[in-house]
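# Tertiary structure, described
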Amino acid sequence: MARKRKPPSTQGDPRTYDPDFKGPVVNRSCTDVLCCMIFLVFIMGYILLGLVAWAHGDARRMTYPTDSQGHFCGQKGTPNENKTILFYFNMLRCTNPSVMINLQCPTTQICVSKCPEKFLTYVEMQILYKKDSRYWEYYRQFCKSTAKPAKYLPELLLDDDCPTAIFPSKPFLQRCFPDFTNNNGTLTVGNRIQFEDGTGRMRNVLELREAANGINKILDAKEIAVKVFEDYATTWYWIIIGLTVAMLLSWTFLILLKFIAGFLFWFFMLGVLEVVGYGIFYCYQQYSKLQENPKPLLTLYNIGIQTKMNMYFELKQTWFILMIILCVLEVTIILLLIFLRKRIRLAIVLLKEGSKAIGYIPSTLVYPFITFILLSICFSYWIVTAVFLATSGVPVYQVSAPEGQCIHENETCDPRVFNTTDVPKACPGALCNFAFYGGKSLYHQYITTLHLYNLFVFLWLINFVGALGQCTLAGAFASYYWAMKKPDDIPALPLFTAFGRAVRYHTGSLAFGSLILALVQMFKLILEYLDRRLKSAQSNISKFLKCCLGCCLWCLEKLVKFLNKNAYIMIAIYGKNFCRSARDAFSLLMRNILKVAVTDEVTHFVLLLGKILVSALIGILAFLLFTEKMPEALGGPTSLNYYWVPLLTVICGSYLVAHGCFSVYATCVETIFLCFCEDLERNDGSAEKPYFITPSLHEILVKKQSLPQKQKE
């Protein structure tokens, strides 16, 4: 009879002793070559996409306003060279300033050299022109080049050569906006509350204000932006000093963790227990106070569902429920600390061991700069390519109907022959205005696809850069762990060697792992995009399904990141392909699942405290400096408009700097932990199979085995 095959286990088979294994494998071969080739093809395609987009696009179209003919204002070599400001014939047709900024206001737009400075209608100009031709010379600045001063008003409206009226305006974002002023609490334009719109109707300034909704806020934002820029110009060197000090503090914190890791953890855990305990005491006090009240007490049944939360805090049931919840939380924390005390002690020792490893390989603290430079290159290339793709093509014109609905609205049109078509007859007042840049070539037909390609390769690249950093750091720290005599047996230049191995042999494996993560992130972004586009047409069921799908994708992304991170560590040690490394890492973690959970949580908790500590210290110093409470000898900045601007910049920047430094430490602890689990499976602590762990780790976890005398800390 044939033997029954043993079903495969999710935990896999433990490692066995290998006398030739002395750390990261030196003799290795290229892995996942097919994925490497695909990755390189995508990169070459990405470079080609950037060149094609650069050839067809024009970034000036994103920064300069464009008139109704598709020419941007201020363009050299054109009649608009000295006309840098965009003017709207009928501002009252615009309902939102963001619509105007996006060139979608349904009115004729031309380029002008300056904005109007006074009220004047076309009819008034005609009357004054008979006495003084200078009125027409002034008014014609805001008309098309084909305009004439002797047209009747209906003819003017039909040809749309000139605005029916102009009013005082000021340039903002290279566009003429109404010059609103506030006189004793009354909103005016040119000291007027009412004005004529050129068609015989009197208009209120509030109508103009409504048409340019939000202009005051935008103007205020401009003033704030100028002041913020002044503050940055005054404090930029202090911000750099603060970030440098944050980096030095982060490095110091990592080095000192081998002395204070345990103290930090237990100190804050006791603090949490005290806070929860005080919460229990306070809830009991409130419950007793309401219980002793002789007045009739309200209940949850009496008040039902209320929008005012204060109502619930007048019920004794609320305080009783909160007290029960806090009691359960307190007991749970205490029981976890009691039953997991040995594994918590292991995690703390691993933190200390990670601090030692960084002390022996200090070059790893500089690696975040390399990651930052590579990510900056990827991000800049993506932004530039996206801008040139968005501005590719020739001007495309569409029919706009400001007076109401039109069956031809949004149809493509030709402004040169528009007035000879049937559209103006079918839709009186319809205009043929510039809409966007595009074309009918094969390239322009696939612009959307190229945008998606640009985004996808960008996600792939940034994930690859992160994978390369994790694999490089893991290789360096694995060299530290598997050195029998530390630091004598640590190979020379471990970080540089690990980086070379990762790039030379495992580009395909790193690209494979980052590809999986990029696909998940791409699906998330597409789902978010569809949700925004279809938001108004969603039912409650579709919203619920969207939330469920979003939650599943979020969990999947976290899971893939966790598996990838450990797979990269195994790649750095053994040099196997991605799938096998991921399987081996997963099996090893499953065999030590409880240790993994405790170690990860303790590590993340301590590092979070470190980030908060660094950013808080720098924030306090920056607050004292920017509020002029420091000694005058330091010569800090004075008379800032908004001291909180550089203050928040320093605090957020310090947190990001600390995060970059501590990410190295987190990778170090995770690598040492996996190596430690491998070490326990491979060796037994005997003279023939000595452990590579240091005495501190050995003392906690393998007390039954004696540590070889030749092992040095």
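Bear in mind that the values here come from a model prediction, so they are computed numbers and not experimental data. (Residues numbered from 1 in each chain as written. Predicted model: local features only at pLDDT ≥ 70, side-chain atom pairs only at ≥ 80, totals over all residues. Heavy atoms only, no water.)

## Structural notes on the overall build of the protein
Helix and strand counts for the protein come out as 22 helices and 12 strands. Residues classed as buried in the protein amount to 43% of the 713 residues present. Within the protein, residue pairs in contact and separated by at least 24 positions form 72% of the contacts whose partners lie at least 6 positions apart. Only carbon and sulfur atoms are counted for the fraction: they give 64% of the accessible area of the protein, which is about 39,600 Å². (Helix = DSSP H or I, 4+ residues; strand = E, 2+ residues; numbered from the N terminus. Buried < 20%, exposed > 50% of the residue type's maximum accessible area, 1.4 Å probe, protein only. Contact = heavy atoms within 4.5 Å. Areas by Shrake-Rupley, 256 points an atom, 1.4 Å probe, with all protein chains shown as cover.)

## Considerations on the packing of helix α1 (residues 33-56) against helix α15 (residues 447-481)
Interaxial distance between α1 and α15 falls to 10 Å at its minimum, and their mutual angle equals 130 degrees. The orientation of α1 with respect to α15, classified from their angle, is oblique. Remark: the crossing between α1 and α15 carries left-handed chirality. Facing α1, whose interface residues are I38, F39, F42, I43, G45, Y46 and L49, α15 presents L450, Y453, N454, F456, V457, F458, W460, L461 and F464. Here the residues of the contact of α1 with α15 are counted per class, giving 14 nonpolar, 2 polar and no charged. (Axes fitted to C-alpha atoms, helices over the stretch in contact; angles between N-to-C directions. Parallel < 35°, antiparallel > 145°, perpendicular 65-115°, else oblique. Left-handed = near helix turned anticlockwise from the far one by under 90°. Nonpolar A, V, L, I, M, F, W, Y, C, P; charged D, E, K, R; others polar.)

## Things to note about helix α12 (residues 367-390)
Its 24 residues give α12 an end-to-end C-alpha distance of 35 Å, which sits within 8% of 34 Å, the value for a rise of 1.5 Å per residue. Buried residues of α12: Y367, T371, C378, T385, F388 and L389, and no others. Each element contacted by the buried residues of α12 is listed here: α1, α14 (442-445), α15 and α16 (494-505). (Expected span 1.5 Å × (residues − 1).)

## A few points about the state of the cysteines
Following the criterion strictly, the structure yields 3 disulfides and no others. Through a disulfide, C73 is tied to C111; the S-S separation comes to 2.1 Å. Because the sign of the S-S torsion sets the handedness, a value of about -80 degrees for the bond joining C73 and C111 places this disulfide among the left-handed ones. Here C73, found in the loop between α2 (60-63) and β1 (85-88), pairs with C111, found in strand β2 (residues 109-112); they are 38 residues apart in sequence, far enough to count as distant. By the burial criterion, C73 is buried, and C111 matches it. Each disulfide pairs two cysteine sulfurs, and for C143 the partner residue is C162, the sulfurs being separated by 2.0 Å. (Disulfide = S-S within 2.5 Å.)

## What to know about the packing of helix α20 (residues 593-626) against helix α21 (residues 644-682)
Relative to each other, α20 and α21 sit at 160 degrees, their axes nearing to 8 Å. The angle between α20 and α21 places the two elements in the roughly antiparallel class. In this structure, the crossing between α20 and α21 has a hand that is right-handed. Taken together, the residues that form the contact of α20 with α21 break down as 20 nonpolar, 8 polar and 4 charged.

## A short note on the packing of aromatic side chains
Summed over the entire model, instances satisfying the criterion amount to 22 aromatic pairs. Judged by centre distance (4.5 Å) and plane angle (15 degrees), the ring pair of W382 and F458 falls under stacked. Of this pair, W382 sits in helix α12 while F458 sits in helix α15, and the two are 76 residues apart along the sequence. Residue class for F458 comes out buried when judged on its relative accessible area of 9%. Aromatic side chains F456 and W460 sit 5.9 Å apart centroid to centroid with 50 degrees between the ring planes, which places their arrangement in the tilted category. With a gap of 4 residues between them, F456 and W460 both fall in helix α15, about one helical turn apart. (Phe/Tyr/Trp six-rings, centres within 6.5 Å; stacked < 30°, edge-to-face > 60°.)

## What to know about the confidence of the model for the protein
On average, residues of the protein score 77 in pLDDT, and 80% of them reach the 70 mark or higher. For the protein, per-element mean pLDDT is lowest for helix α3 (residues 97-101), which scores 41, and highest for α1, which scores 91. Low confidence marks residues 1-8, where pLDDT is under 50. Its contacts with residues over four positions away, or in another chain, come to 0 contacts. Considering only residues more than four positions removed or in separate chains, one finds that residues 302-308, a stretch of pLDDT under 50, has 9 contacts. (pLDDT = per-residue confidence, 0-100.)

## Some thoughts on the environment of L525
Relative to the helices and strands, L525 is located in helix α17 (residues 507-533). Note on L525: relative accessible area 39%, which makes it partly exposed. The spatial distance from the C-alpha of L525 to the C-alpha of G550 is 9.9 Å, given a sequence separation of 25 residues. Sequence-distant contacts of L525, defined by excluding residues within four places in its chain, comprise L455 and L459.

## Concerning the side chain of H506
Position of H506 relative to the elements: it lies in the loop between α16 and α17. Overall, the relative accessible area of 1% leaves H506 in the buried class.

## A closer look at a nonpolar patch on the surface
A cluster of nonpolar side chains, F320, I321, L322, I324, I325 and V328, forms an exposed patch at the surface whose accessible area comes to about 500 Å². For F320, the location among the structural elements is in helix α10 (residues 316-339). For F320, a relative accessible area of 38% puts it in the partly exposed group. (Patch = residues over 30% accessible without salt bridge, like charges linked within 9 Å, V, L, I, M, F, W, Y side chains within 5 Å. Salt bridge = Lys/Arg side-chain N within 4 Å of Asp/Glu carboxyl O.)

## Quick word on the pattern of salt bridges
Applying the stated criterion to the full structure yields 7 salt bridges. We note a salt bridge from K565 to E670, for which the minimum N-O separation is 3.0 Å. Taken as a pair, K565 in helix α18 (residues 540-574) and E670 in helix α21 lie far apart in primary sequence, 105 residues in all. The exposure class assigned to K565 is buried, which follows from its relative accessible area of 17%.

## Here we look at α10
Between its terminal C-alpha atoms α10 stretches 35 Å, which fits the 34 Å expected from 24 residues at 1.5 Å a residue. Those residues of α10 that fall on the buried side of the exposure criterion are T318, W319, M323, E330, I333 and L337.

## Let's talk about the environment of R192
Its place among the elements puts R192 in the loop between β8 (186-189) and β9 (194-196). By relative accessible area, R192 is classed as partly exposed at 39%. Taking the C-alpha atoms as reference, R192 lies 7.7 Å from V205; in sequence the two are 13 residues apart. With sequence-adjacent residues up to four places away left out, R192 is seen in contact with F119 and V205.

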